[in-house]
Amino acid sequence: MQGVCAAILCVSVFLRSAISQPPTESDTYTECTDGYQWDPQTQHCKDINECETIPEACKGEMKCFNHYGGYLCLPRSASVIPAPDPPSQPGTNLESTAREPFNPCPLGYEPQGDSCVDVNECEKDEHDCQPSQQCINTPGAFTCQCPEGYRKVGTECIDIDECRYRYCQHRCVNVPGSFSCQCEPGFQLAGNNRSCIDVNECDMGAPCQQRCYNTYGTFLCRCDQGYELGPDGFACNDIDECSYSSYLCQFQCVNEPGKFSCQCPEGYQLLGTRLCQDINECETGEHQCTEGQTCVNIHGASQCVDTNRCQSPYVQVSDNRCVCPVTKPACRDLPFSIVQRYMSITSERSVPSDIFQIQATSVYPGAYNTFRIRSGDHDGDFYIRQINNISAMLVLARAVTGPQEYTLDLEMVSVNPLLSYQTSSALRLSIYVGPYAF
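Residues numbered from 1 in each chain as written. Predicted model: local features only at pLDDT ≥ 70, side-chain atom pairs only at ≥ 80, totals over all residues. Heavy atoms only, no water.

It is worth spelling out the packing of aromatic side chains at this point. Across all of its chains, the model carries 10 aromatic pairs by this definition. Aromatic side chains Phe187 and Tyr216 sit 4.9 Å apart centroid to centroid with 75° between the ring planes, which places their arrangement in the edge-to-face category. On the criterion of sequence distance, the pair formed by Phe187 in strand 15 (residues 187-189) and Tyr216 in the loop between strand 17 (211-215) and strand 18 (218-222) is long-range, its members being 29 residues apart. In this structure Phe187 comes out as buried when scored by relative accessible area, which is 15%. Taken together, a centroid distance of 5.0 Å and an interplanar angle of 85° make the contact between Phe382 and Tyr406 edge-to-face. With Phe382 in strand 32 (residues 382-386) and Tyr406 in strand 34 (residues 404-416), the pair connects residues that are 24 residues apart, well separated along the chain. An aromatic cluster is present here, built from Phe251, Tyr268, Tyr436 and Phe438 joined pairwise through their rings. Above the plane of the ring of Tyr167 lies Arg194, whose end atom (NZ or CZ) is 4.6 Å from the centre. (Phe/Tyr/Trp six-rings, centres within 6.5 Å; stacked < 30°, edge-to-face > 60°. Helix = DSSP H or I, 4+ residues; strand = E, 2+ residues; numbered from the N terminus. Buried < 20%, exposed > 50% of the residue type's maximum accessible area, 1.4 Å probe, protein only. Lys NZ or Arg CZ within 6 Å of the ring centre and 35° of its normal.)

Attention now goes to the state of the cysteines. Enumeration over the complete set of coordinates arrives at 19 disulfides. A sulfur-sulfur distance of 2.0 Å marks the disulfide that ties Cys202 to Cys212. Every disulfide takes its handedness from the sign of the S-S torsion; for Cys202 and Cys212 that torsion is -80°, giving left-handed. Residue Cys202 is found in the loop between strand 16 (196-198) and strand 17, and its partner Cys212 is found in strand 17; the two are separated by 10 residues along the sequence. The class for Cys202 is partly exposed, based on a relative accessible area of 24%. Assessed through its relative accessible area of 26%, Cys212 is described here as partly exposed. Across the disulfide, Cys242 is cross-linked to Cys253 (sulfur-sulfur distance 1.9 Å). Negative torsions about the S-S bond denote left-handed disulfides, and the value of about -70° found for Cys242 with Cys253 makes this one left-handed. Of this pair, Cys242 sits in the loop between strand 20 (236-238) and strand 21 (252-256) while Cys253 sits in strand 21, placing them 11 residues apart in sequence. (Disulfide = S-S within 2.5 Å.)

Time to look at the nonpolar core. Within soluble globular proteins, side chains that are nonpolar tend to cluster in buried spots. With 21 residues, the main nonpolar core has Ile355, Phe356, Phe382, Leu394, Leu410, Leu429 and Ile431 as its most contacted residues. For this core, the secondary-structure elements that each account for two or more residues are strand 29 (337-345), strand 30 (353-359), strand 32, strand 33 (391-396), strand 34 and strand 35 (421-433). Sequence-distant contacts of Leu394, defined by excluding residues within four places in its chain, comprise Ser353, Asp354, Ile355, Phe356, Ile373, Phe382, Tyr383, Ile384, Leu408, Leu410, Leu429 and Ile431. Core analysis: the second largest hydrophobic core is formed by seven residues, Cys322, Cys324, Cys331 and Ile338 among them. (Core = buried A, V, L, I, M, F, W, Y, C linked by side-chain atoms within 4.5 Å. Contact = heavy atoms within 4.5 Å.)

Counting across every chain of the model gives 10 salt bridges. For Asp224, the salt bridge is made with Arg211, and the minimal N-O distance between the two is 2.6 Å. With Asp224 in the loop between strand 18 and strand 19 (227-229) and Arg211 in strand 17, this pair connects stretches of sequence that are 13 residues apart. A salt bridge links Arg428 to Asp409, with the nearest nitrogen and oxygen atoms 2.8 Å apart. With Arg428 in strand 35 and Asp409 in strand 34, the pair connects residues that are 19 residues apart, well separated along the chain. (Salt bridge = Lys/Arg side-chain N within 4 Å of Asp/Glu carboxyl O.)

This part takes up the environment of Asp203. When you line up the elements, Asp203 lands in the loop between strand 16 and strand 17. Counting along the chain gives 11 residues from Asp203 to Asn214, while the straight-line C-alpha distance between them is 8.8 Å. A polar atom in the side chain of Asp203 sits 3.0 Å from the side chain of Asn200. (Polar contact = N/O pair within 3.5 Å; in protein donor to acceptor, adjacent residues only side chain to side chain.)

What follows is about the confidence of the model for the protein. Chain-level statistics for the protein give a pLDDT mean of 85 and a share of 86% at 70 or above. Confidence drops under a pLDDT of 50 for residues 1-29, and excluding neighbours within four residues, the segment shows 57 contacts in the predicted structure. Taken together, the stretch residues 85-98 has pLDDT below 50 and engages in 22 contacts with residues farther than four places along the chain or on a different chain. (pLDDT = per-residue confidence, 0-100.)

Turning to its location among the elements, Ser353 is positioned in strand 30. Side-chain polar atoms of Ser353 contact the side chain of Arg349, separated by 3.1 Å.

With that settled, the discussion passes to the environment of Arg385. In this structure, Arg385 sits in strand 32. By relative accessible area, Arg385 is classed as partly exposed at 35%. Separated by 10 residues in sequence, Arg385 and Val395 place their C-alpha atoms 7.1 Å apart. Sequence-distant contacts of Arg385, defined by excluding residues within four places in its chain, comprise Asp354, Ala392, Met393 and Val395. A polar side-chain atom of Arg385 sits 3.1 Å from a polar atom in the side chain of Asp354.

Right, let's talk about the pairing of strand 24 (residues 275-278) for a bit. Bridge count for strand 23 (residues 268-271) against strand 24 is four bridges, and the pairing is antiparallel. Bridging across to strand 24, Tyr268 finds its partner in Asp278. In sequence, strand 23 turns back onto strand 24 through a hairpin of three residues, with Gly272 there showing a positive phi of about 75°. (Pairing = 2+ DSSP bridges.)

This part takes up the environment of Asn214. If you trace the backbone, Asn214 turns up in strand 17. Residue classification places Asn214 among the partly exposed residues on the basis of a relative accessible area of 30%. Ignoring anything within four residues of it in the chain, the contact list for Asn214 reads Asp198, Val199, Asn200, Glu201, Cys202 and Phe219. Among the polar contacts made by the side chain of Asn214, one reaches the side chain of Asp198 at a distance of 2.9 Å.

With that out of the way, let us pick up the sheet that holds strand 32. Strands sit in the order 30-33-32 across an open sheet of three strands; the sheet is antiparallel. Two strands lie at the open edges of the sheet, namely strand 30 and strand 32, each paired on one side alone. Each strand axis lies, on average, 25° off the axis of its neighbour in the sheet, ignoring direction. Here strand 32 runs beside strand 33; their pairing, made up of five bridges, is antiparallel. Residue Gln386 lies in a different strand from strand 33, and its bridge partner there is Ala392. (Axes fitted to C-alpha atoms, helices over the stretch in contact; angles between N-to-C directions.)

Laid out in structure tokens, this is it:
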């Protein structure tokens, strides 16, 4: 019986003894049992080494171990220790194979001359390393080394999970025998393939329509003044400032890409950026008045009035002043003099509003003066508030809208009771109401 020990497991295998029948003088052929063949030189049955004669006798990670009369398939980590020879049995020939020569060297060495030299188990394929492992010869032995990224556990190579050691700054992806680092969006791997550095998306074609600001790990889109960021966070849409308020411009607001502008009606010019100011066409010369006419500036336009506006029985005595001679019978009930004046007011003026002050130019001792609207106020839009004996104020009583024109005769009546004398004078005031509230 031969004893076979594999790793920590010892297997005892009962071999079929190759019994050699001693040949007789008449025998010319001797039959051997399975696993043996007849050796005519030694005249004995010799063990067949199946590990050499059978192709791929053992599969996979198993290793073939020859023994007398058969073979074993054991793990590569197993080793075979010869057991003592079985006792002799009567009628049998115990000499089946030649014994291995005596080795006086330590395990892992073999004699060479008078010295012992290391046996290279890796070259002789006398190792139990797995195909995925590398056999490295050492003095008197050998070691099985795992590929990079693996660690040896027993006889097996187990993948090292490098991600457990937090080699990566952001994300670690373990793969067999190695690992890779990945970065969060907005970052990219640094030169060491482990750290993550910020990506400047603004320099890499970020989809911002107008302005791009890089931030740590991301970016922000911003818009120029007059624009607002769209729902997608990239596009800039024009802000219609005119729709936000009706007080941005005094007259009309015009929206433009990224801004707005104010416009004024004809006859007005922009004062600053939002207000409208009347253009004085009489000063700029932008009027059509003739030599016999006087240019009167009004809100948004101008008026050409005749220089001599005196109507019979009045006669002109000076610019804007007409006199009705007392010698004319028709002048008996009329004011002695009429002075022409012109003014312009805006529409929707708040009321009551003082708009024109009347002042007596001649004062006679002992005379009492009263003021009234003689004509022109058909709808009661005005009234007179007397201030004292020589002055009064014309007051706008109701809000009026233009364009329209009023011609009011404001009369001052003077009475002297001591002299039994009464006279009057008038101021013909032409009031032009502009079309706008400015």
